[in-house]
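Now for the letters of each chain:
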Amino acid sequence: SLIQKKDQLKKFDLDFLIIINFNKTFSKFSPEKFIREIIHKKAKCKFLFVSNNFKFGYKRKGDINTLRYYANLLSYNIIITRPFRKQNKTISSTLIRKKITQGKIKEINKLLNRKWTIKGKVIKGEKRGRKIGFPTCNIKIADYITPKLGVYAVTAKNPKFNKSGIANIGYRPTFNGKSLLLETNIFRFKQNLYNKYVEISFKKFIRSEKKFKNLDQLKKQIKIDIKRAKKNV
């Protein structure tokens, strides 16, 4: 999320951060217009660092050769870097998004060099978890890439706590749910979190989402899932 991006960038002691609203008008900017209007006029760029496989502008028509050409005209310096590689793989957002959809959490966390997280405001649910003995804090994840549906070992935290837990991402097929939801049961925790922001960090994928015949089967499986999750505490 944008909040998380800002938090990550703060660690690098940036002097300032420019955030551009990627709307329909902006998406149609040609590479030349982007360089003249944003890089030159708005940012007054003097040094520009890009990877050698960088593409930009409408239909990705711009590349490092485009940047080099305008660097001479508009008096900025371009520094070309190689894509970052780890374990003989180019680390790209495309690769990481693919692994998120596959539920390969341990690989994702190694590539990111941090745990993949979802941060959001806790909303009121239907309190089914509480009724069966496993209360959850619920977060909508519409703005995030949809991960592999199922159960994960996680850590839940905000400025006042940092605890292990178990989370389910899915549509709750046992209850004929319609909307995608992240439900987290935080171990040894009883505070009311409604309307508070909580960050859920993913540690391990446990199992895929499944529809159960009845509540007893669901409760039995949740207990098994919790035992597996606690091995990752």
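This one's a predicted model, so the numbers in the text were calculated from it and none came from an experiment.

Q: Explanation requested: the overall build of the protein in the structure shown.
A: Across its full length, the protein carries 8 helices and 10 strands. In terms of C-alpha radius of gyration, the protein reaches 22 Å, well past the compact-globule figure of 17 Å for 233 residues. For the C-alpha atoms alone, the extent of the protein along its principal axes is close to 70 × 40 × 35 Å. For the protein, with 233 residues in total, the buried portion stands at 38%. In the protein, 63% of the contacts between residues at least 6 apart in sequence involve partners at least 24 apart. Both charge centroids of the protein, one from 59 positive and one from 14 negative side chains, sit 4 Å from each other.

Q: When you look at the sheet that holds strand 6 (residues 137-140) in this model, what are you seeing that I'm missing?
A: Note: strands within a sheet are paired through backbone hydrogen bonds, in either parallel or antiparallel orientation. Spatially, the 6 strands line up as an open sheet ordered 5-10-7-8-9-6, and their pairing is antiparallel. Every other strand in the sheet has two partners, leaving strand 5 (117-121) and strand 6 as the edge strands with one partner each. Each strand axis lies, on average, 35° off the axis of its neighbour in the sheet, ignoring direction. For strand 7 (residues 150-158) and strand 8 (residues 161-170), the ladder comprises 9 bridges, and the chain directions are antiparallel. Counterpart to Tyr152 in the pairing with strand 8 is Ala167. Each of strand 5 and strand 10 (197-208) is contacted by helix 1 (residues 2-10), which is oriented at about 125° to strand 5, the strand it contacts most. Running over the sheet, helix 6 (residues 105-112) touches strand 7 and strand 10 and is turned about 135° from strand 10.

Q: What am I meant to see in the side chain of Gln4 here?
A: Following the sequence through the fold, Gln4 ends up in helix 1. Overall, Gln4 belongs to the buried group, its relative accessible area being 11%. Within the structure, Gln4 has its side chain in polar contact with the backbone nitrogen of Ser1 (distance 3.0 Å).

Q: Explain the packing of helix 5 (residues 93-102) against helix 6 here, please?
A: Between two packed helices, what matters for the description is the angle formed by their axes and the separation of those axes. Helix 6 packs onto helix 5 with a crossing angle of 155° between their chain directions and a minimal axis gap of 9 Å. The pairing of helix 5 with helix 6 is recorded here as roughly antiparallel in orientation. Considering the relative orientation of helix 5 and helix 6, their crossing is left-handed. Between helix 5 and helix 6, the contacting residues are Leu95, Ile96, Lys99 and Ile100 on the first element and Glu107, Ile108, Leu111 and Leu112 on the second. Taken together, the residues that form the contact of helix 5 with helix 6 break down as 6 nonpolar, no polar and 2 charged.

Conventions and cut-offs
- Residues numbered from 1 in each chain as written.
- Predicted model: local features only at pLDDT ≥ 70, side-chain atom pairs only at ≥ 80, totals over all residues.
- Heavy atoms only, no water.
- Helix = DSSP H or I, 4+ residues; strand = E, 2+ residues; numbered from the N terminus.
- Rg over C-alpha atoms; globule rule 2.2 N^0.38 Å.
- Buried < 20%, exposed > 50% of the residue type's maximum accessible area, 1.4 Å probe, protein only.
- Contact = heavy atoms within 4.5 Å.
- Lys, Arg positive; Asp, Glu negative; His and termini not counted.
- Charge placed at Lys NZ, Arg CZ, Asp CG, Glu CD.
- Pairing = 2+ DSSP bridges.
- Axes fitted to C-alpha atoms, helices over the stretch in contact; angles between N-to-C directions.
- Polar contact = N/O pair within 3.5 Å; in protein donor to acceptor, adjacent residues only side chain to side chain.
- Parallel < 35°, antiparallel > 145°, perpendicular 65-115°, else oblique.
- Left-handed = near helix turned anticlockwise from the far one by under 90°.
- Nonpolar A, V, L, I, M, F, W, Y, C, P; charged D, E, K, R; others polar.

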